[in-house]
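Structure at a glance
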Amino acid sequence: MQMAERSLVLIGFMGAGKSAVGRELSARLNLPRWDTDEMIRRRFGMSIPDIFATLGESAFRDEESRILHDWEAPAPAILVTGGGIVLRPGNVELLAALGRRIWLDADEETLWQRASRRATRPLLQDHNPRERFASLFQQRRLVYGAAADERVETAGLTISEVAARIIALP
Ligand code: S3P
């Protein structure tokens, strides 16, 4: 199947580069880009930390599920997801139906270095963010592996190189 016949769904942990790679793929493949975090921010008119703080994580997760359920963008497109979208098994099934699921992966330290540059992640607003990061990373690896069609290594690669690897997938 040609790369552009199906949507590409980017999954992976915080710091994997999903948003930046999504933008690059959208430009190179000339496909529309949808980003679940952006859609949720727009829908609630609040930042993600504010949504978590005022409405709670479950409201955020409900909205993630709702977006996937209602998503009717004409394929193909690039769908960028938040790192926790795979936590609900129902979401994983919906993602499979939406497109080819690409897991952007890297070693824990690389992901931490990237993710800790910005303080925009409520799950890292913890008394020990590094430890929280490590524990979430361990919990989630198997979930991403099970939810993905392809795993793409991103450590040491530029955004442009990662996008090129995805485009070159057989
Ligand atoms: C989350 C990751 C974030 C965002 C929210 C929850 C997670 O997206 O959806 O803060 O559970 O891993 P990024 O993966 O783009 O950081």
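Everything discussed here concerns the structure shown above.
Residues numbered from 1 in each chain as written. Predicted model: local features only at pLDDT ≥ 70, side-chain atom pairs only at ≥ 80, totals over all residues. Heavy atoms only, no water.

**Notes on helix 4 (residues 57-70)**
- Between its first and last C-alpha, helix 4 extends 20 Å over 14 residues, near the 20 Å set by a 1.5 Å rise per residue.
- Against the buried residues of helix 4 lie helix 2 (36-44), helix 3 (48-54), strand 3 (78-80), helix 5 (89-98) and helix 7 (129-147). (Helix = DSSP H or I, 4+ residues; strand = E, 2+ residues; numbered from the N terminus. Expected span 1.5 Å × (residues − 1). Contact = heavy atoms within 4.5 Å.)

**Describing unusual backbone geometry**
- The phi dihedral of Asn 30 falls on the positive side, at around 55 degrees, and the residue is not glycine.
- For Asn 30, the location among the structural elements is in the loop between helix 1 (18-29) and strand 2 (33-35).

**Describing the pattern of salt bridges**
- Within the structure shown, the criterion is met by 16 salt bridges.
- The closest approach of N and O atoms between Glu 57 and Arg 61, which form a salt bridge, is 3.0 Å. In this pair, Glu 57 and Arg 61 both sit in helix 4, four residues apart, roughly one turn of the helix.
- Note on Glu 57: relative accessible area 32%, which makes it partly exposed. (Salt bridge = Lys/Arg side-chain N within 4 Å of Asp/Glu carboxyl O. Buried < 20%, exposed > 50% of the residue type's maximum accessible area, 1.4 Å probe, protein only.)

**Quick word on the site of the ligand**
- Near the ligand lie 13 residues; those nearest to it are Lys 18, Asp 37, Arg 61, Arg 121 and Arg 140.
- Taking Arg 61, its side chain carries an N or O atom lying 2.7 Å from an oxygen atom of the ligand.
- Here the ligand loses 95% of its free accessible area of 380 Å² to cover by the protein chains.
- Residue composition of the shell around the ligand, grouped by class: five nonpolar, three polar and five charged. (Near = heavy atom within 4 Å. Polar contact = N/O pair within 3.5 Å; in protein donor to acceptor, adjacent residues only side chain to side chain. Areas by Shrake-Rupley, 256 points an atom, 1.4 Å probe, with all protein chains shown as cover. Nonpolar A, V, L, I, M, F, W, Y, C, P; charged D, E, K, R; others polar.)

**Focus: the nonpolar core**
- One finds Ile 11 and Ile 166 to be the most contacted residues of the largest nonpolar core, which totals 49 residues.
- Top contributing element to this core by residue count: helix 7, with five residues. (Core = buried A, V, L, I, M, F, W, Y, C linked by side-chain atoms within 4.5 Å.)

**Regarding the packing of helix 1 against helix 8 (residues 159-167)**
- Where helix 1 contacts helix 8, the two axes come as close as 9 Å, and the packing angle between them is 60 degrees. Taken as axis vectors, helix 1 and helix 8 run oblique relative to one another. Regarding helix 1 and helix 8, the two cross each other, and that crossing is right-handed. Contact with helix 1, carried on its side by Ala 20, Val 21, Glu 24, Leu 25, Arg 28 and Leu 29, involves Ile 159, Ser 160, Val 162, Ala 163, Ala 164, Ile 166 and Ile 167 of helix 8 and no other residues of that element.
- Residue composition of the contact of helix 1 with helix 8, grouped by class: ten nonpolar, one polar and two charged. (Axes fitted to C-alpha atoms, helices over the stretch in contact; angles between N-to-C directions. Parallel < 35°, antiparallel > 145°, perpendicular 65-115°, else oblique. Left-handed = near helix turned anticlockwise from the far one by under 90°.)

**Focus on the sheet that holds strand 1 (residues 8-11)**
- The strand order 2-3-1-4-5 describes an open sheet built from five strands, whose pairing is parallel. Edge positions in the sheet fall to strand 2 and strand 5 (150-153), since each of these pairs with one other strand and no more. Neighbour-to-neighbour, the strand axes of this sheet turn through a mean angle of 25 degrees, independent of strand direction.
- For strand 1 and strand 3, the ladder comprises three bridges, and the chain directions are parallel. (Pairing = 2+ DSSP bridges.)

**Considerations on the packing of helix 4 against helix 5**
- Closest axis-to-axis distance for the helix 4/helix 5 pair is 10 Å, and the angle between their directions is 30 degrees. Where helix 4 crosses over helix 5, the two elements pack in a sense that is left-handed. Where helix 4 abuts helix 5, its residues Ser 65, Leu 68 and His 69 lie against Asn 91, Leu 94, Leu 95 and Leu 98.
- Classifying every residue of the contact of helix 4 with helix 5 gives four nonpolar, three polar and no charged.

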